[in-house]
Amino acid sequence: MVVIGAGHAGLAASHFLTERSIDHVVLERGEVANSWRRERWESLRLLTPNWQSRLPGLPYAGADPDGYMTAGEVVELVDRFAAVSRAPVRTGTNVTSVSGVDGGYHVTTSRGEIRCRAVVIASGACNQPAVPRISEAVPASVEQVTPLEYQSPAKLADGGVLVVGASATGVQLASEIRASGRPVTLSVGEHVRLPRTYRGRDILWWMDASGVWDQRYDEVDDLTRARRLPSPQLVGTPERGTLDLNALAAAGVELVGRWAAVRDGRALFSGGLRNVFSLADLKMERLLATFDEWARAHGHDGSPERFAPTRVPASTRLQLDLGSGEIRTVVWATGFRPDYRWLDVPVVDPKGQLRHDGGAVESPGLYALGLPVLRRRKSTFIHGIEDDARDVIAHLAGYLAVRR
Amino acid sequence: MTTVDNGVNVQALLDARKVLAGAPEAAQFTWRASSKWQNGVHSTTTVEKFFGLGQEQAHKSEAVFDADHPEVFAAEDNGITPIEYLLVGLAACLTAGVASVAQNRGIQLRSVESTVEGQHDIRGILGVDSDVRNGFNDIKVTFKIDADASPQDIEALVAQSQKRSAVFDALTNPTNVTVEVA
Ligand SMILES: Cc1cc2nc3c(=O)[nH]c(=O)nc-3n(C[C@H](O)[C@H](O)[C@H](O)COP(=O)(O)OP(=O)(O)OC[C@H]3O[C@@H](n4cnc5c(N)ncnc54)[C@H](O)[C@@H]3O)c2cc1C
């Protein structure tokens, strides 16, 4: 049995494999928690509160359940999890190919070959930045940075920054780059607006308590859409402040519509900004209404809170001359995608996503963990791995038992 | 429970969505119009045939549209101004969207009315000031909807209809346009 990747997902798989005494190794190209060591910016904190930073057999035991971990603290957490669960990790072992062979899989690594009956792919959902094709039309005088390379505002050129995308990454980077004194323009497409706290509690407490996180993949109305949902506009800070578009506008960030094209060296933005604001406001209201409903049904005190609509700027720019020097850097906060170039089994769809049913990949004996809404809405989150890994490893154990 | 009927065959649309997900070629449509100059700034444009679902298609009958300019432009006013056709397209598209989304969400509509206003500074097209653009500066659509739904659900209908509107997209996002002489 081979598990690919020693992030929290691969280690959770290992935890449940060990519990079932299934012999396995965890192959990791870098170190344990590699993506938290190498692929996160300096200031990053989790947007999920500490009490949710729990892994199988490792509940949060610290003194600050409502705080948010730094990337360094997540590394410590994942390291501790690897140690406590005695995961058989082989670090520095890059998987370069997995192919199907009679009765199982052939795994080629930078340190040799392995034959095995089953493989769990836990190599992460965010290996590569998803950068749109328009990036190719950006003039060479403008620097382009992805979140995987971005470190801190100080490393950017002086001058204006165009941040593209208003999900968690985009709003967080726009905010800190603006705070460094640089003029920031934020290009906003469809997004998920959330307040940091609601009725005195973390918004993610409500998601948890009301069962939204636990909603299963086979209960979700439109699974394709749910799997493509951008991350919410949330940031974990000691102040527990809300970082929505109103907060950014108040900080002096200029909002423009979705970046649609580059023509004659000019960036052209959509004029549909008002509607993406309405869509996000309406969705947030609907979600808060379900929390109020849940609170009423469960006898919670307090009354509904409502937030000001996203303010539409008096006028928004529809174009911006990329050659004028106004913008020195473009930050592509347009999402991430997995990298399966090493996977020589035909289970990847034309959009680069694995074809799977709740983590059972289309090829027997091949499994996945840590992908968006893999089995539940919480699947990609740290606190979401326990239920998913337990289910997926149970399926895998059943498969091995039948095939013995 | 009464069944909702806005006259939209949502099942057919949902079925088409499923089929086309696996057959992107069939989803490629070409819409066409042919125009002929009459006299002055008056032209006549006809629309009949189009391509879609892998083959040539046609409307039940040919439609003819006259475009001209009003008398204040010193024209004969044989038809509406070309830029007004954009308003016609936008209103019609959003209205169709409202009806479809309402049907899909089980909302019975009683009436849907809208007005569309496009702000246009004609100094652009007249070449008075090269800083003024030729097209609309701003378009405002106001819906009046009577339906079995909360004000919030009605807002959501209108928002979703914009999200799925071809004309809203065509107006708010740039499109490559090639004009050639054959
Ligand atoms: C910017 C950002 C912020 C996030 N914030 C939060 C948050 O606040 N709260 C939360 O719960 N979740 C958050 N997440 C989501 C999620 O927790 C992380 O993405 C997490 O890293 C996923 O864990 P994983 O084990 O699935 O994948 P990863 O941590 O990416 O682990 C995959 C491992 O596989 C290794 N690997 C990949 N390919 C190969 C190969 N071919 N051979 C060998 N090894 C390979 C990688 O080196 C890596 O160590 C965030 C994600 C991102 C990107």
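This is a predicted model, so every value here is computed, not measured.

## Section: the packing of helix α8 (residues 273-297) of chain A against helix α4 (residues 151-163) of chain B
Describing two packed helices takes the angle between their axes plus the distance from one axis to the other.
Part 1: Orientation of α8 of chain A relative to α4 of chain B, taken along the N-to-C sense of each, is 140°, at an axis distance of 9 Å. Taken together, α8 of chain A and α4 of chain B sit at an angle that is classed as oblique. You can see that α8 of chain A and α4 of chain B cross each other, and the crossing is left-handed. Listed contacts from α4 of chain B to N275, S278, L279, L282, K283, E285 and R286 of chain A of α8 of chain A are Q152, E155, A156, A159, Q160, Q162 and K163 of chain B.
Part 2: Among the residues making up the contact of α8 of chain A with α4 of chain B, the classes are represented as four nonpolar, five polar and five charged.

## Observations regarding the interface of chain B and chain A
Quoted interface sizes are often the accessible area lost when the parts come together.
Part 1: With 16 residues of chain B in contact, the opposing surface of chain A contributes 19 residues.
Part 2: Between chain B and chain A, the buried area comes to about 1300 Å², and carbon and sulfur atoms account for 48% of it.
Part 3: If you look at where chain B meets chain A, you find two salt bridges.
Part 4: One salt bridge in this structure joins K163 of chain B and E190 of chain A, with 3.1 Å as the shortest N-O distance.
Part 5: At the boundary of chain B with chain A, the tally comes to eight residue pairs in polar contact (both at pLDDT 80 or more).
Part 6: Those elements that place two or more of their residues in the side of chain B that touches chain A are α4 and α5 (166-172) of chain B.
Part 7: Class assignment for the residues of the side of chain B that touches chain A results in four nonpolar, seven polar and five charged.

## Notes on the side chain of H356 of chain A
Residues and elements named next belong to chain A.
Part 1: Note that H356 resides in strand β20 (residues 356-357).
Part 2: In this structure H356 comes out as buried when scored by relative accessible area, which is 15%.
Part 3: Of note is the side chain of H356, whose polar atom sits 2.9 Å from the backbone nitrogen of G359.

## Points about the sheet that holds strand β18 (residues 327-332) of chain A
Residues and elements named next belong to chain A.
Part 1: On the basis of which strands lie adjacent, the open sheet formed by five strands has the order β9-β18-β10-β11-β14 and parallel pairing. Because the sheet does not close on itself, it has two edges, and the strands there are β9 (143-145) and β14 (254-256). Neighbouring strand axes in the sheet, compared pairwise and without regard to direction, differ in orientation by 20° on average.
Part 2: When β9 meets β18, the two strands line up parallel, connected through three bridges. From the neighbouring strand, E143 faces β18, where its bridge partner is T329.
Part 3: In the packing of helix α4 (residues 168-179) onto the sheet, contacts are made with β10 (160-164), β11 (184-187) and β18, and the angle to β11 comes to roughly 170°.

## Thoughts on the pairing of β18 of chain A
Note on strand geometry: in a regular strand, side chains alternate between the two faces of the sheet.
All names here are of chain A.
Part 1: With five of six residues buried, β18 is to be regarded as a mostly interior element.
Part 2: Strand direction decides the pairing type here: β10 and β18, joined by five bridges, are parallel. Looking across to β18, one finds that G160 is bridged to I327.

## Overview of the domain arrangement of chain A
Residues and elements named next belong to chain A.
Part 1: With domains assigned, chain A is organised as domain 1 (2-127 + 338-403) and domain 2 (129-332).
Part 2: Taking only C-alpha atoms into account, the centre of domain 1 sits 28 Å from that of domain 2.
Part 3: Contact residues are listed per partner, giving 33 residues for domain 1 and 33 residues for domain 2.
Part 4: Regarding the contact of domain 1 and domain 2, the summed buried area is about 2700 Å², with carbon and sulfur atoms giving 51% of it.
Part 5: The largest per-residue losses of area from domain 1 upon contact with domain 2 belong to W41, L47 and R377, which jointly make up 28% of the total buried on that side.
Part 6: Connecting domain 1 to domain 2 are two salt bridges.
Part 7: Here D214 and K378 are joined by a salt bridge, their closest N and O atoms 2.7 Å apart.
Part 8: Along the contact surface separating domain 1 from domain 2 lie 15 residue pairs in polar contact (both at pLDDT 80 or more).
Part 9: A per-class count over the side of domain 1 that touches domain 2 returns twelve nonpolar, seven polar and 14 charged.

## Examining the pattern of salt bridges
Residue and element names in this part refer to chain A.
Part 1: Under the counting rule described, the total for this entry stands at 34 salt bridges over all chains.
Part 2: Taking the shortest distance from any N to any O, the salt bridge between R306 and D292 comes out at 2.9 Å. You can see R306 sitting in the loop between α8 and β17 (319-321) and its partner D292 sitting in helix α8, a full 14 residues away along the chain.
Part 3: Measuring nitrogen to oxygen at the nearest pair gives 2.8 Å for the salt bridge that ties D391 to R376. Of the two residues, D391 sits in helix α9 (residues 385-403) while R376 sits in the loop between β22 (366-368) and α9, which places them 15 residues apart along the sequence.
Part 4: According to the relative accessible area criterion, D391 is partly exposed, its value standing at 23%.
Part 5: The exposure class assigned to R376 is buried, which follows from its relative accessible area of 10%.
Part 6: A cluster of three or more residues bridged by salt bridges with shared partners is formed by D214, K378, E386, D387 and R390.

What counts and how
Residues numbered from 1 in each chain as written. Chains lettered and ligands numbered in written order. Predicted model: local features only at pLDDT ≥ 70, side-chain atom pairs only at ≥ 80, totals over all residues. Heavy atoms only, no water. Axes fitted to C-alpha atoms, helices over the stretch in contact; angles between N-to-C directions. Helix = DSSP H or I, 4+ residues; strand = E, 2+ residues; numbered from the N terminus. Parallel < 35°, antiparallel > 145°, perpendicular 65-115°, else oblique. Left-handed = near helix turned anticlockwise from the far one by under 90°. Contact = heavy atoms within 4.5 Å. Nonpolar A, V, L, I, M, F, W, Y, C, P; charged D, E, K, R; others polar. Buried area = accessible area lost by both parts, 1.4 Å probe. Salt bridge = Lys/Arg side-chain N within 4 Å of Asp/Glu carboxyl O. Polar contact = N/O pair within 3.5 Å; in protein donor to acceptor, adjacent residues only side chain to side chain. Buried < 20%, exposed > 50% of the residue type's maximum accessible area, 1.4 Å probe, protein only. Pairing = 2+ DSSP bridges. Domains from an automatic or database assignment.

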